[in-house]
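# Summary of the model geometry
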Amino acid sequence: MTTAALFFILLLCLLTGMPIAFALGLSSITTILLFSHDSLASIALKLLESQSGHYTLLAIPFFILSSTFLSTGGVATRIINFAIDCVGWIRGGLAMASVLACMIFAAVSGSSPATVAAIGSIVIAGMVKAGYPKEMAAGVITNAGTLGILIPPSIVMLVYAAATEESAARLFMAGFIPGIMMGTLLMIAIYIVARIKGLPAQPWVGFKTLLRSSFTASWGLMLIIIVLGSIYGGICSPTEAAAVSAVYAFFIAIFIYRDMGPLKGEKWQENEGDGLPKMVVRNLLLSVKALPLTLFHKDTKKVLMDASKVSIMLLFIIGNAMLFAHVLTTERIPHHIAEIIVGWGLPAWGFLIVVNILLLMAGNFMEPSAILLIMAPILFPIAVQLGIDPIHLGIIMVVNMEIGMITPPVGLNLFVTSGITGESITWVMRASLPWLMILLVFLVMITYIPQISLFLPEYIDKLKGY
Amino acid sequence: MFFRIINGIEEAIIALLLASMTLLVFVEVVLRFGFSTGMMWAQELTLHLSAWMVLFGVSYGIKVGSHIGVDALVKTFTPKARRIVGGIAVAACLFYTALFIKGSWVYLAKMRQIGIELDDLPIQKWVAHSILLIGMVMIAIRLVILLKGVFTGKNEGFTLTDEAKEAMHLAEETKAAAQGGKPV
């Protein structure tokens, strides 16, 4: 009865188009008032504690801030140049380079739609000009863009960690190999298609150009290395790594890349033939002079506002989702469902099929983080009872969410690709369908070979001597 | 004019809270690795800054339409039906804030009566936690304004964020950056 009421009210609220946070909170608080004896004051305290009692959750605003600083057109261009110089000379190289660029930009920005928009806006046109079919260009980008939530640091993984109280650091380790694998799978498929269709290769640019473009891109790449290195090495908690990366991203964006802030457009060399000493001194002086200005500059404030808008939205949903999870646990709802499922004699692999289908369906209607917050507290206890590793379950859920981003009606990536190519949604769907098949095969692999996800976290545990 | 000032203050407070919590954690990391010392109270302060940012910012988020929701069904309605459903949704959220205002009032009153402080900071607990009440009242005010808008036909209900549309700005920006010659 309580279960039915909770889910009925939630569904009703969601369908009216109210913000998900309110829908979760309202359905939980109404259910509590109707069926249990908790006082309003204790519920109020619970909501406050959800905001002020979880240090791990702070990684979310910090990562969002750092990615907002670096999610600029300038950074995307640098990464694309680097990727093309890297793998462009292979047959089908331009498409492979776009996958590589998507992987890197995804890790820096942590957002799928942003990756598709930034990388796609340049490379789709570039590929068409180089003689690729437009369908292929659009399809590859739409799919590769989903890597944003799988390759760590990933916001969606932090949300899963928050919902299940699992270690975010271990999830970040677990997502690394699947992310690389997914990218590699796409690249292999591209190579095969390129061989069959005789797609062109770009000329080899030479080591000097490659060095130059990798140096330029390295400032952004360093962010991934700092974050993952310090988390994998156990030096920092994800929250601390995120705060450091936010400050690092601020410096890179304003003083090195100069895409924003008071130094915007300022050249590194005043005149073409300036020597190194003169350049260093001049830029140091410029930076010192600009430092106080940056703190009050309108670009800094805009980034802060953009980041906090997203963070507030997410953290408020998480707070209300914790109320929702509280109702679930006190009513022992997951426990009852688990008993029923175990009673059916459903094996772990059968349960995982159900999980995949359930998540793929939900992924068609809601945002990844919202789905995770609703589904994880229900699925998690069942999975644990069936002997499925919680970290493995997390990766399965994230890959499902990836697929949700490219299936209608709420497939964000489809909308973005449709926006940048000017084609219809149906056209984009058809274009990305063959590549979606690869993603589905990948999902089956991830689901039934837990070692892909669990190898790295277990290996790092062994290194540390546990 | 009055609303513009309010808006400016809201934005300044939110930006300041986010910046200060980030810097606080950053400084703590630097102190730990650079000088092998720490700040005992930093964690508690950061967490409370975050709670203030979120609960203070929710009402701002409603105003600028940065919350996410499911509008797949509502979009298929006629404008009039959309306004009715939107109005009901806003009213339901008002009910939510009413419950929380009452709950947090009782809670804060009790805390004030007991008069305990936070664990590491010498701040009264009811003062640090008062943001729950403040935030909920702010949300309620915003919802009342929104409800009035729905009645007069100015709004159709909640404005939800459209991530795809926002990503398009980035696409424009990237195109511009690529045409602007080689970066750095």
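So, here's what we can say about the structure. The structure displayed is predicted, hence computed values, not measured ones.

### A closer look at the packing of aromatic side chains
This model, assessed by the stated rule, comprises 15 aromatic pairs over all chains. When the centroid spacing of 5.2 Å and the interplanar angle of 80° are considered together, the rings of Phe22(A) and Tyr96(B) count as edge-to-face. Taken as a pair, Phe22(A) in helix H2 (residues 20-35) and Tyr96(B) in helix H3 (residues 79-114) lie in two separate chains rather than in one. Exposure remark for Phe22(A): the relative accessible area of 0% places this residue in the buried category. Of the residues examined, Tyr96(B) reaches a relative accessible area of 0% and is grouped as buried. An angle of 85° between the planes, with centres 6.2 Å apart, marks the rings of Phe176(A) and Tyr232(A) as edge-to-face. Remark: Tyr232(A) occurs in helix H11 (residues 207-232) and Phe176(A) occurs in helix H10 (residues 168-197); sequence separation between them is 56 residues.

### Regarding the interface of chain B and chain A
In this complex, chain B contributes 69 residues to the contact, which on the side of chain A involves 77 residues. For the pair chain B and chain A, the summed buried surface comes to about 6500 Å²; carbon and sulfur atoms form 80% of the total. At the junction of chain B with chain A, the criterion picks out two salt bridges. Measuring nitrogen to oxygen at the nearest pair gives 2.8 Å for the salt bridge that ties Arg32(B) to Glu240(A). Between the two partners, chain B and chain A, sit five residue pairs in polar contact (both at pLDDT 80 or more). Sorting the residues of the side of chain B that touches chain A by element identifies helix H1 (2-35), helix H2 (42-64), H3, helix H5 (131-152) and helix H6 (163-179) of chain B as the ones contributing at least two each. Among the residues making up the side of chain B that touches chain A, the classes are represented as 48 nonpolar, 13 polar and eight charged.

### A closer look at the environment of Glu172(B)
Mapping Glu172(B) onto the fold places it in helix H6. In sequence terms Glu172(B) and Leu24(B) are 148 residues apart; their C-alpha atoms lie 35 Å from each other.

### Some thoughts on the layout of surface pockets
What the second largest pocket holds in volume is close to 870 Å³. Mapped onto the lining of the second largest pocket, the elements with two or more residues apiece are helix H19 (412-421) of chain A together with H3 and H6 of chain B. Here the lining of the second largest pocket takes five residues from H6(B), the largest share from any one element. Classifying every residue of the lining of the second largest pocket by side-chain character gives 15 nonpolar, nine polar and nine charged.

### Quick notes on the packing of helix H18 (residues 390-404) of chain A against helix H21 (residues 450-463) of chain A
Residues and elements named next belong to chain A. Direction vectors running N to C along H18 and H21 enclose 120°, while the axes themselves pass 9 Å from each other. Classified by the angle between their axes, H18 and H21 sit oblique to one another. Every pair of crossing elements has a handedness; the one defined by H18 and H21 is right-handed. Along the contact surface, H18 presents Ile 391, His 392 and Ile 395, while H21 presents Pro 450, Ser 453 and Leu 454. Its residues placed into classes, the contact of H18 with H21 shows four nonpolar, two polar and no charged.

How each quantity is defined
- Residues numbered from 1 in each chain as written.
- Chains lettered and ligands numbered in written order.
- Predicted model: local features only at pLDDT ≥ 70, side-chain atom pairs only at ≥ 80, totals over all residues.
- Heavy atoms only, no water.
- Phe/Tyr/Trp six-rings, centres within 6.5 Å; stacked < 30°, edge-to-face > 60°.
- Helix = DSSP H or I, 4+ residues; strand = E, 2+ residues; numbered from the N terminus.
- Buried < 20%, exposed > 50% of the residue type's maximum accessible area, 1.4 Å probe, protein only.
- Contact = heavy atoms within 4.5 Å.
- Buried area = accessible area lost by both parts, 1.4 Å probe.
- Salt bridge = Lys/Arg side-chain N within 4 Å of Asp/Glu carboxyl O.
- Polar contact = N/O pair within 3.5 Å; in protein donor to acceptor, adjacent residues only side chain to side chain.
- Nonpolar A, V, L, I, M, F, W, Y, C, P; charged D, E, K, R; others polar.
- 1 Å grid on protein atoms, 1.4 Å probe; cavity = no way out; pocket = protein on both sides within 12 Å on 5 of 7 lines; lining within 4 Å.
- Points joined across faces, edges and corners; volume = space filled by probe spheres on them.
- Axes fitted to C-alpha atoms, helices over the stretch in contact; angles between N-to-C directions.
- Parallel < 35°, antiparallel > 145°, perpendicular 65-115°, else oblique.
- Left-handed = near helix turned anticlockwise from the far one by under 90°.

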